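Understanding the architecture of this molecule
Residues per chain are reported as follows:
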Amino acid sequence: MPRLSEVIAALENLWPAERAESWDAVGTVVGEPGQDVTRVLFAVDPVQEIVDEAVKLGADLLVTHHPLYLRGTTTVAASTFKGRVVHTLIKHDIALHVVHTNADTADPGVSDALAGALDLRVVRPLVPDPGDPDGRRGLGRICELDHPLTVRELAARAAERLPATAQGIRVAGDPDATVRTVAVSGGSGDSLFDHVRAAGVDAFLTADLRHHPASEARAHGAHGAHQPLALLDAAHWATEWPWCELAAAQLDEISDRHGWGLRVHVSKTVTDPWTSQFPSPGAPN
């Protein structure tokens, strides 16, 4: 069986820390380099519920997409919820490794997994990484459909294919408008509207769309020759969870190649913070 340092080296080869954004906090948070690893759990969020799942599973390594300490800390006291996570991990000899924006821009990355879950054909990155001469890495993806769908049909597909959340899929735009091209970006995507408009796509599927950026994006296309941009807003967690399955498959392949015999799992625990939704009476649907 491999040591943690060997598995981490493989993860770093897939998602180098230097490709993370400067503000990000990626890499190994907890773990003894020499410890043996037999079982790995992938998840989106390093929250207590996921850590407890890792303990119950008997995992030696937890790999999450979201950082535990994005903005730093001065304490890991168990009286804080993040400190309790650290204490639980150390007590049960479970390492924690974070792969965040270095997975967002990877090839394949978070948005490739999102496109794959929706049966979209990836054409190119939405925001190409200037450091990639092959033009495959970058933030978001521009995709094509095998055959045109209406906005309503695309939203229904997203609601069916992505993990179920209280939010589901919110839509801005004519539900009967035709969609042939789609931009997708796992996680928060409303900082990408300029790139989405420049791409000239029919729809943009992402998460965490705020009122003003969404309103402005809709207004931009209202009087142009191109049909107004349709927006599909899913839950943040749901748009990033497909990457866990992709990442687990990548580690599985490495394990097979090296004869490690790792048992790699993906958490299906829903850690989206929203738990219920109550539609307003008379609201459009």
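The text that follows walks through the structure, step by step, so that each part is easy to find. (Residues numbered from 1 in each chain as written. Predicted model: local features only at pLDDT ≥ 70, side-chain atom pairs only at ≥ 80, totals over all residues. Heavy atoms only, no water.)

Considerations on the overall build of the protein
Which entries qualify depends on this criterion: Secondary structure elements follow DSSP: runs of H or I no shorter than four residues count as helices, runs of E no shorter than two count as strands, and numbering proceeds from the N terminus. For the radius of gyration, the atom set is restricted to C-alpha positions; the globular benchmark scales as 2.2 Å times the number of residues to the power 0.38. Whether a residue is buried, partly exposed or exposed follows from its accessible area with a 1.4 Å probe, protein chains only, as a fraction of its type maximum: under 20%, in between, or over 50%, in that order. Working definition of accessibility: Shrake-Rupley area with a 1.4 Å probe, residue cover restricted to the visible protein chains. Counting rule for charge: Lys and Arg are taken as positive, Asp and Glu as negative, and neither His nor the chain ends is counted. To locate a charge, take atom NZ for lysine, CZ for arginine, CG for aspartate or CD for glutamate.
For the protein, the helix and strand inventory stands at 9 helices and 11 strands. Over its C-alpha trace the protein gives a radius of gyration of 20 Å, about what one expects of a compact globule, namely 19 Å for 285 residues. Its C-alpha atoms give the protein principal-axis dimensions of about 60 × 45 × 35 Å. With 285 residues in all, the protein has 48% of them scored as buried. Within the structure as shown, the protein displays about 14000 Å² of accessible surface, and the carbon and sulfur contribution to it stands at 51%. Considering the protein, the positive charge centre built from 24 side chains and the negative charge centre built from 38 side chains are found 2 Å apart.

Observations regarding the sheet that holds strand β6 (residues 138–150)
What counts is decided by this rule: Pairing between strands requires that DSSP locate at least two bridges from one strand to the other. Axes here refer to lines fitted to C-alpha atoms; in helices the fit is confined to the stretch in contact. Angles between the N-to-C directions go from 0 to 180 degrees. Should any heavy atoms of two residues lie within 4.5 Å, those residues are considered in contact.
Taken in spatial order, the 6 strands make up an open sheet running β5-β6-β8-β9-β10-β7, and their pairing is mixed. Each having just a single partner strand, β5 (121–128) and β7 (169–172) make up the two edges of the open sheet. This sheet shows a mean twist of 25° between the axes of neighbouring strands, independent of strand direction. Across the sheet, helix α9 (residues 236–258) touches β8 (178–188), β9 (203–207) and β10 (230–234), and the angle it forms with β8 is around 90°.

Digging into the environment of Pro-16
Structurally, Pro-16 is set in the loop between α1 (4–14) and β1 (27–30). Put simply, Pro-16 and Leu-231 are 215 residues apart on the chain and 32 Å apart in space, counted from C-alpha to C-alpha.

A few points about the sheet that holds strand β3 (residues 61–64)
Taken in spatial order, the 5 strands make up an open sheet running β1-β4-β3-β2-β11, and their pairing is mixed. In this open sheet, the two strands that pair with only one neighbour each are β1 and β11 (263–266). Averaged over all pairs of adjacent strands, the angle between strand axes in this sheet comes to 25°, irrespective of strand direction. As paired strands, β3 and strand β4 (residues 95–98) are joined by 4 bridges and run parallel to one another.

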